[in-house]
Amino acid sequence: MNPESFSPEHFSWHFADGVGTVTLNRPDRKNPLTFESYAELRDTFRALVYATDVKAIIVTGAGGNFSSGGDVHEIIGPLTKMAMPELLAFTRMTGDLVKAMRACPQPIIAAIDGICVGAGAIMAMASDLRLATPATKTAFLFTRVGLAGCDMGACAILPRIIGQGRASDLLYTGRMMSAEEGERWGFHNRLVAAEDLIGEATKLARSIAAGPTFAHGITKTQLGIEWAVSVETAIEMEAQAQAICMATNDFRRAFEAFADKRTPEFKGD
């Protein structure tokens, strides 16, 4: 993947200063997802594993909304006519998008405004950090269309962010979570004015991109896997991970910069 020339078909892409921005870009429909956009997003996040020039990623939506989730006519309607093997192939594909987002080493910042529901809420959940506006409304709508709340990893990831009881509330009821509630519960890292959303997300992404990106990738990996191991195992895993980071040139450069009383320049090696 060449981030300079990458030109996706089903969403917009912008790359500058080490930051790649994915914009869901069907504002007339509140940026719904289709079979094709699911697959292209999945493939993009898989490719980002090897795009070392990309240091951080922003995911956002056009036209004052994040995403209305799976398109009713282009996804939900056709799903009602599919046999079980086809349905399973679809649900595995959508889950693969979350796996790809979690597996790419770059921290992902969701910049959320307006409607953020269904699979859109899942994409926000799968991101590492979430900035939202006061107008943001988030809902895991699956139960409202006769489905379980356990979609695309929601029952595993959402309780880690906001706790089991609060996740149960959202996943059983499918109700809207207000922006203030989302911030208070820890789903949103902070709320910003709508006009400042992309600027603040870009500022945060650039600050991450200016840091030790190899080490950021290690942090993301450990945050993802340490929930499934004992504390003792986690401490050993972190000892090994930190030793690997200590062998990088970024670690040496940071020490030299500190000794010289200057700002370190991280290069990701």
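Residues numbered from 1 in each chain as written. Predicted model: local features only at pLDDT ≥ 70, side-chain atom pairs only at ≥ 80, totals over all residues. Heavy atoms only, no water.

What about the overall build of the chain?
A count of helical and extended segments in the chain gives 11 helices and nine strands. In terms of overall size, the chain behaves like a compact globule, its C-alpha atoms giving a radius of gyration of 19 Å where 269 residues would be expected to give roughly 18 Å. Overall, the C-alpha framework of the chain stretches about 65 × 45 × 40 Å when taken along its three principal axes. Contacts in the chain between residues far apart in sequence, at least 24 positions, make up 68% of those at least 6 positions apart. Surface summary for the chain: the accessible area is close to 13400 Å², and the carbon and sulfur share equals 57%. Of the charged side chains in the chain, 26 are positive and 31 negative, and the gap between their average positions amounts to 2 Å. (Helix = DSSP H or I, 4+ residues; strand = E, 2+ residues; numbered from the N terminus. Rg over C-alpha atoms; globule rule 2.2 N^0.38 Å. Contact = heavy atoms within 4.5 Å. Areas by Shrake-Rupley, 256 points an atom, 1.4 Å probe, with all protein chains shown as cover. Lys, Arg positive; Asp, Glu negative; His and termini not counted. Charge placed at Lys NZ, Arg CZ, Asp CG, Glu CD.)

What about the packing of helix α3 (residues 84–103) against helix α4 (residues 119–126)?
As a packed pair, α3 and α4 sit with axes 9 Å apart at the nearest point and diverge in direction by 20 degrees. It follows from the interaxial angle that α3 and α4 lie roughly parallel. The handedness of the crossing between α3 and α4 comes out as right-handed. Within the contact between the two elements, α3 uses L97, V98, M101 and R102 and α4 uses I122, M123 and A126. Of the residues belonging to the contact of α3 with α4, the class tally is six nonpolar, no polar and one charged. (Axes fitted to C-alpha atoms, helices over the stretch in contact; angles between N-to-C directions. Parallel < 35°, antiparallel > 145°, perpendicular 65-115°, else oblique. Left-handed = near helix turned anticlockwise from the far one by under 90°. Nonpolar A, V, L, I, M, F, W, Y, C, P; charged D, E, K, R; others polar.)

Overview of the sheet that holds strand β3 (residues 56–61)
Across the sheet, six strands lie side by side as β1-β2-β3-β4-β6-β9; this open sheet has mixed pairing. Of all the strands in the sheet, just β1 (12–16) and β9 (190–191) have a single pairing partner and so form its edges. Sheet topology note: the strand β4 (residues 108–112)/strand β6 (residues 129–132) ladder contains four bridges and is parallel. From the neighbouring strand, A110 faces β6, where its bridge partner is R130. Along the sheet, helix α8 (residues 197–209) contacts β2 (19–24), β3, β4, β6 and β9; its crossing angle with β4, the most-contacted strand, is approximately 170 degrees. (Pairing = 2+ DSSP bridges.)

Regarding the pattern of salt bridges
Inspection of every chain in the model, using the stated rule, returns 17 salt bridges. With its nearest N and O atoms 2.7 Å apart, the salt bridge here joins D71 to R29. Highlighted residues: D71 in the loop between β3 and α2 (72–79) and R29 in the loop between β2 and α1 (35–47), separated in sequence by 42 residues. One salt-bridge network, held together by shared partners, links R26, R29, D71 and E74. (Salt bridge = Lys/Arg side-chain N within 4 Å of Asp/Glu carboxyl O.)

Some points on the nonpolar core
Y38, L41, F45, M123, F140 and L158 are the most contacted members of the largest nonpolar core, which totals 50 residues. At seven residues, α4 tops the list of elements feeding residues into this core. Ignoring anything within four residues of it in the chain, the contact list for L158 reads M125, F140, G153, G163, A167, L170, L171 and F187. Grouped together as the second largest cluster of nonpolar side chains are 13 residues, I58, L204, A205 and A209 included. (Core = buried A, V, L, I, M, F, W, Y, C linked by side-chain atoms within 4.5 Å. Buried < 20%, exposed > 50% of the residue type's maximum accessible area, 1.4 Å probe, protein only.)

A closer look at α1
Along its 13 residues, α1 runs 19 Å from first to last C-alpha, staying within 8% of the 18 Å computed at 1.5 Å per residue. In this structure, the buried residues of α1 make contact with β2, β3, α2, α3, β4 and α4. (Expected span 1.5 Å × (residues − 1).)

Some points on α3
For α3, which comprises 20 residues, the first-to-last C-alpha distance of 28 Å matches the rise-based estimate of 28 Å (1.5 Å per residue) to within 8%. Here α3 has its buried residues at F90, M93, T94, G95, D96, L97, V98, A100 and M101. Taken together, the buried residues of α3 touch α1, α2, β4, α4, α5 (154–162) and α9 (213–225).

Quick notes on the sheet that holds strand β5 (residues 115–117)
Reading across from one edge, β5-β7-β8 is the order of the three strands in this open sheet, with mixed pairing throughout. Either end of the sheet is taken by a strand with one partner, and the two such strands are β5 and β8 (177–178). Pairing analysis gives two bridges linking strand β7 (residues 137–139) to β8, with the strands arranged antiparallel. Its bridge partner being in β8, T138 is matched across the sheet by M177.

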